Amino acid sequence: MSAGDRIIRGRILSFADDPATAGPSARRYIEDGAIRVAGGRVAEVGEARDLLARAPADAVVDDHRGALVMPGLIDVHIHYPQTQVIASYGAQLLDWLHNYTFVEEQRFADPAHCARVADFFLAELFRNGTTTALVYGAVYPQSADVFFAAAEQAGARMIAGKVMLDRNAPKALLDTAQASYDESRALIEKWHGRGRLAYAVTPRFAVTSTAAQLDAAGALVREFPDVYMQTHVDENADEIEFVGRLFPEARDYLDVYARAGLLGPRSVFGHCIHMTGDEVAAMAESRSVAAFCPTSNLFLGSGLFDRARLVDAGVRIGLATDVGGGTSYSMLRTASEGYKVLQLNGQSWPAGEAFYQMTLGNARALSLDPAIGSIEPGKDADLVVLDARATPAMAHRMERAASLDEELFVLMLLGDDRAVRQTYVAGAPRKA
Ligand code: GUN
Ligand code: ZN
């Protein structure tokens, strides 16, 4: 133990594997546990009495007894330029983009605006217990540049990219295939792999990219094989029809991306609601990731994600807010709406599996499980402290909770930012 170390005491809960396949032994739980954090990483995890007995008298001890200390939550699809688009009334995807999103995103030409929003956005993620996210910027390269600078300042593990779009949007929001290639490449060279940051090549979706631009995105992914790729697919019926008209040569929507070389284990496709059997098979075969965005899918009336179908086909899945099509920054609320979407599809989702998904499951979806997603020595000290009695209604309900599973379900269904007592980013408390 040395100066700067911190001990975080509470009920430590983390998953070593997916409880859906590995069963109850996947769960690691210490009722009166503690984590010693050193240099931004987890140095030790164990019984509180053992860790405290070895700690120097002046050790900083954050006492969260009664609350659950879990790995920081992870969001695999969110748009930082949409913090003032969230909760915009009355439209489905294409109208919503044109009426609200494409108007708002033009403000991100101004780096000062980007900086103000990036700071708000990161603070809001931390208030909600989210410590890592896969983030869309706006078209302007400065929007990604400023976001990375803010994430670096906060010490957070973030993946982001400038959006590429060269058609079917207002002129002020368009780049070109060449400019988007050049700008993305410069951002990769500046930010990818710097500290805890990584770059995601981000063609917005097939509606707003020419084949030449998608090919440029594919060239970047080939030249920089460890960058991520993020886009949208099969979200909305009108969108799918539009893509069919724009790319008549493609077998289906996903094939538009496949032809550009954009499928793969570091590719995250938002929504994946209305998929053909061929598309599901291509997702599984390429090890691509489907991002389940329940609040967005409900809000925009897009449809119901068929999780069981994708899981059964072997598709990797992540869970995401998709703010501002999504209506909450909270991964807890997102899981709650996810549960209800699955109910409408005749599927279930035990709380243990949902918490696995929000932590190690999403870390695996981003191939970041060596660094985050569970509480183990050597991993980053990104943690969330959750209180299932945070509100009167939650405390009242908890009088009838007899097990950890019930407590997790209460947190999942009734929890939001109020249930987040603290968020640690690389060991530092970040919840204001
Ligand atoms: N498809 C293309 N752009 C977007 C976006 O910003 N949000 C959602 N939900 N879908 C999209
Ligand atoms: Zn999205």
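Located above this text is the structure these notes cover.
Below: a short report on this structure. (Residues numbered from 1 in each chain as written. Chains lettered and ligands numbered in written order. Predicted model: local features only at pLDDT ≥ 70, side-chain atom pairs only at ≥ 80, totals over all residues. Heavy atoms only, no water.)

**A word on the sheet that holds strand β4 (residues 60-71)**
The 7 strands lie next to each other as β3-β2-β1-β4-β14-β15-β16, forming an open sheet whose pairing is mixed. Each having just a single partner strand, β3 (41-47) and β16 (428-429) make up the two edges of the open sheet. When strand β1 (residues 6-15) meets β4, the two strands line up parallel, connected through 6 bridges. If you follow I7 over to β4, its bridge partner there is V61. (Pairing = 2+ DSSP bridges. Helix = DSSP H or I, 4+ residues; strand = E, 2+ residues; numbered from the N terminus.)

**Overview of the packing of helix α14 (residues 351-365) against helix α16 (residues 404-414)**
It is the contact of α14 with α16, at a shortest axis distance of 8 Å, that shows an interaxial angle of 60°. When the axes of α14 and α16 are compared, the pair comes out oblique. When the axes of α14 and α16 are compared, the crossing they make is left-handed. Across the interface between the two elements, A351, G352, A354 and F355 from α14 touch D405, L408, F409, L411 and M412 from α16. A per-class count over the contact of α14 with α16 returns 7 nonpolar, 1 polar and 1 charged. (Axes fitted to C-alpha atoms, helices over the stretch in contact; angles between N-to-C directions. Parallel < 35°, antiparallel > 145°, perpendicular 65-115°, else oblique. Left-handed = near helix turned anticlockwise from the far one by under 90°. Contact = heavy atoms within 4.5 Å. Nonpolar A, V, L, I, M, F, W, Y, C, P; charged D, E, K, R; others polar.)

**Things to note about the site of ligand 1**
Taken together, 13 residues form the shell around ligand 1, and within it H79, Q82, R204, E235 and D322 come nearest. For ligand 1, a nitrogen atom lies 2.7 Å from a polar atom in the side chain of E235. Mapping ligand 1 onto the cavity grids shows that it belongs to the largest cavity. The dominant element in the shell around ligand 1, judged by the number of residues it contributes, is helix α3 (residues 93-104), at 3 residues. Within the shell around ligand 1, the residues separate by chemical class into 5 nonpolar, 5 polar and 3 charged. (Near = heavy atom within 4 Å. Polar contact = N/O pair within 3.5 Å; in protein donor to acceptor, adjacent residues only side chain to side chain. 1 Å grid on protein atoms, 1.4 Å probe; cavity = no way out; pocket = protein on both sides within 12 Å on 5 of 7 lines; lining within 4 Å. Sits in = over half its atoms within 2 Å of the grid points.)

**Some details on the pattern of salt bridges**
Using the criterion set out here, one finds 33 salt bridges in the structure. Two residues, R364 and D17, come together in a salt bridge whose shortest N-O distance is 3.0 Å. Of this pair, R364 sits in helix α14 while D17 is found in the loop between β1 and α1 (19-22), placing the two residues 347 residues apart along the sequence. Given the relative accessible area of 29%, R364 is considered partly exposed. For D17, a relative accessible area of 28% corresponds to the partly exposed category. Salt-bridge contacts for R245 lead to E241; the nearest nitrogen and oxygen are separated by 3.4 Å. With a gap of 4 residues between them, R245 and E241 both fall in helix α8 (residues 237-246), about one helical turn apart. By relative accessible area, which is 55% here, R245 ends up exposed. (Salt bridge = Lys/Arg side-chain N within 4 Å of Asp/Glu carboxyl O. Buried < 20%, exposed > 50% of the residue type's maximum accessible area, 1.4 Å probe, protein only.)

**So, the coordination of the zinc ion (ligand 2)**
At the metal site, the zinc ion (ligand 2) is ligated by H77 (NE2), H79 (NE2), H232 (NE2) and D322 (OD), and these contacts range over 2.0 to 2.3 Å. What the 4 donor atoms of the zinc ion (ligand 2) show is an angle range of 90 to 167° at the metal, which sorts the shape as irregular. Donor residues for the zinc ion (ligand 2), ordered by position in the chain, follow H-x1-H-x152-H-x89-D. Pair noted here: H77 is in strand β5 (residues 73-79) and D322 is in the loop between β13 (316-319) and α13 (331-344), with a separation of 245 residues, a long-range link. A relative accessible area of 4% means that D322 is categorised as buried. (Donors = N, O, S within 2.8 Å, 3.2 Å for Na, K, Ca; no water. Tetrahedral: all angles 85-135°; square planar, octahedral: opposite > 155°, others 65-115°.)

**Focus on a nonpolar patch on the surface**
Among the surface-exposed residues, L298, L304 and L344 lie close enough to one another that they form a single nonpolar patch of about 260 Å² accessible area. With respect to the helices, strands and loops of the structure, L344 is situated in helix α13. Of the residues examined, L344 reaches a relative accessible area of 63% and is grouped as exposed. (Patch = residues over 30% accessible without salt bridge, like charges linked within 9 Å, V, L, I, M, F, W, Y side chains within 5 Å. Areas by Shrake-Rupley, 256 points an atom, 1.4 Å probe, with all protein chains shown as cover.)

**Quick word on the packing of aromatic side chains**
Considering all chains together, one arrives at 14 aromatic pairs under this definition. Ring geometry for F292 versus W349: centroids 6.2 Å apart, planes at 50°, classification tilted. Of the two residues, F292 sits in strand β12 (residues 289-292) while W349 sits in the loop between α13 and α14, which places them 57 residues apart along the sequence. On the basis of relative accessibility, which here comes to 1%, the residue F292 falls in the buried class. Of the residues examined, W349 reaches a relative accessible area of 1% and is grouped as buried. Members of the aromatic cluster, joined through ring pairs, are Y80, F108, F121, F147, F148, W191 and Y199. (Phe/Tyr/Trp six-rings, centres within 6.5 Å; stacked < 30°, edge-to-face > 60°.)

**A closer look at the layout of surface pockets**
Empty space within the largest pocket amounts to approximately 470 Å³. Where the lining of the largest pocket is concerned, the elements lending two or more residues are α1, α12 (307-312), β13 and α14. Broken down by element, the residue count for the lining of the largest pocket peaks at 6 residues, all from α14. Taken together, the residues of the lining of the largest pocket break down into 7 nonpolar, 6 polar and 7 charged. (Points joined across faces, edges and corners; volume = space filled by probe spheres on them.)

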